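Single-letter residue listing:
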Amino acid sequence: MEKIDNIRIGNDFYNTCPINIEELIKNNSKRVVIKSYNNPNVNHTSTVLKIYKSNYSKEKRDKQAYLRLEFLHFKTLFRVRITNSLRKWYYGVNSTQDFNSNDLLDCFNLISQTLGIHLKELLGFKIYRIELGITFKLDANYKLLLQKLSGHRDFKKYGQFDNCSSVYFNGENIGIICYDFLQKMYDNNQISKYVYNKVSEKHFFLRLELKINKRSGVKFANELMQTLEDLLENSNYVLNYWVSQMLNIDVSDDISIEEIIKLKDLTPKDFLEFTSCKYLEHISTQKMNAYIDLAISNNPKKKYAIKSTFKKNLEKWCVHNKTSNKEFFENLILSKQKLIAN
């Protein structure tokens, strides 16, 4: 499972530390910015660095992703913590791309080189917090899918933004966020209104993220994702776990997205026929015929005409292939699993 996004990793070293913080700053003077240094009020020194992937000018740095490195030195203890989004750091803030195995290893190599340690040392870093996400590029009409994500088998639904661009499901130390990636970029001023409108006319980027907020508090993660090396070695198990959590999301099928898309092209007369057909589906043909029989008992011709009209509507609007929202969502999730399997 290479779809890593936000992360918190690190390690504690006793007596000696493989990372020389002074050499790190000296060797990467154009890529490393000192955010804070030392703390005279406590019994340790503290250095916080912003590490950029490339040599950006001061004017461009504010718009670029960085890794936050916190280096604490007590008497005999060296504590290293690295946080922020690996994906944004490697691909860029505005990229929708997810890691593949080659790029992820390259990313780890770049980090280890910057820190001045061997890759093996970095892969031994413990995972404290991690987000595993995948972005799906869909037709713009499928933005409606977010409104159909109604619950989760194990997690509580936390909320939904007013612009209907994000849905949260939270459990203890773990959760899921489903959101409109493009909308989020626009909300965060990462893209212009023109770019947002132009791209969103044709495409919807659905981002599904599994957030493990405390690795030690999630049984699966604690057993198979303690370190970065564990994450790589157990990538297939991690992917299967991600898939299983996403498949536990409840998807509403009160009306299929394919049917909603059709509404854009219906005339008022078509819309009336369509809605009567949906009503008939809801109460069943048998019940509708019983209602007509009770309401129109002394006029066989009128009774026949009404039943015939309902029957024609069913044949016109209901006899066609359509994919349920749940089936569409499940196929979307499973498509990633099939790609790995092949």
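Higher on the page you've got the structure.
The shown structure was predicted, so the numbers you read here are calculated from the model rather than taken from an experiment.

1. Here we look at the overall build of the protein chain
Move 1: The helix and strand inventory of the protein chain stands at 16 helices and 12 strands.
Move 2: Taken over C-alpha atoms, the radius of gyration comes to 27 Å for the protein chain, far larger than the 20 Å a tight globule of 342 residues would show.
Move 3: Taking the principal axes of the C-alpha coordinates as reference, the protein chain spans close to 100 × 45 × 45 Å.
Move 4: By the burial criterion, 44% of the 342 residues in the protein chain qualify as buried.
Move 5: In the protein chain, the proportion of contacts linking residues at least 24 apart, taken out of those at least 6 apart, comes to 66%.
Move 6: When the accessible surface of the protein chain is split by element, carbon and sulfur atoms take 50% of a total near 18800 Å².

2. As for helix α15 (residues 300–317)
Move 1: In this model α15 runs 26 Å from its N-terminal to its C-terminal C-alpha over 18 residues, within 8% of the 26 Å that 1.5 Å per residue would give.
Move 2: Buried within α15 are the following residues: K303, F310, N313, L314 and W317. What you see down the axis of α15 is that its buried residues fit within an arc of 105°, all on one side. Away from its buried face, by an angle of more than 90 degrees, α15 presents the exposed residues P300, K301, Y304, K311 and K312.

3. Topic: the pattern of salt bridges
Move 1: Going through the model one piece at a time under the given rule, you end up with 15 salt bridges.
Move 2: In this structure, D98 engages R207 in a salt bridge whose closest nitrogen and oxygen atoms are separated by 2.5 Å. Pair noted here: D98 is in the loop between α3 (86–91) and α4 (101–115) and R207 is in strand β11 (residues 203–212), with a separation of 109 residues, a long-range link. In this pair, the class of D98 matches that of R207, namely buried.

4. A short note on helix α11 (residues 235–247)
Move 1: The end-to-end C-alpha distance of α11 is 18 Å, a good match for the 18 Å that 13 residues give at a rise of 1.5 Å each.
Move 2: Within α11, burial applies to S235, V238, L239, Y241, W242, V243, Q245 and M246.

5. What about the packing of helix α13 (residues 268–283) against α15?
Move 1: Running from N to C, α13 and α15 point in directions that differ by 100°, and their axes come no closer than 9 Å. As far as their axial angle goes, α15 and α13 are roughly perpendicular. Seen from α13, the contacting residues are D270, E273, F274, S276, C277 and L280; seen from α15, they are F310, N313, L314, K316 and W317.
Move 2: In terms of residue class, the contact of α13 with α15 is made up of 6 nonpolar, 2 polar and 3 charged.

6. Here's the deal with the pairing of strand β1 (residues 4–14)
Move 1: Pairing between β1 and strand β6 (residues 126–139): 5 bridges, direction antiparallel. What sits directly across from I7, in β6, is I130.
Move 2: Sheet topology note: the β1/strand β5 (residues 77–85) ladder contains 9 bridges and is antiparallel. Opposite D12, over in β5, you have R79 as the bridge partner.

Procedures and definitions
- Residues numbered from 1 in each chain as written.
- Predicted model: local features only at pLDDT ≥ 70, side-chain atom pairs only at ≥ 80, totals over all residues.
- Heavy atoms only, no water.
- Helix = DSSP H or I, 4+ residues; strand = E, 2+ residues; numbered from the N terminus.
- Rg over C-alpha atoms; globule rule 2.2 N^0.38 Å.
- Buried < 20%, exposed > 50% of the residue type's maximum accessible area, 1.4 Å probe, protein only.
- Contact = heavy atoms within 4.5 Å.
- Areas by Shrake-Rupley, 256 points an atom, 1.4 Å probe, with all protein chains shown as cover.
- Expected span 1.5 Å × (residues − 1).
- Arc of directions from axis to C-beta.
- Salt bridge = Lys/Arg side-chain N within 4 Å of Asp/Glu carboxyl O.
- Axes fitted to C-alpha atoms, helices over the stretch in contact; angles between N-to-C directions.
- Parallel < 35°, antiparallel > 145°, perpendicular 65-115°, else oblique.
- Nonpolar A, V, L, I, M, F, W, Y, C, P; charged D, E, K, R; others polar.
- Pairing = 2+ DSSP bridges.

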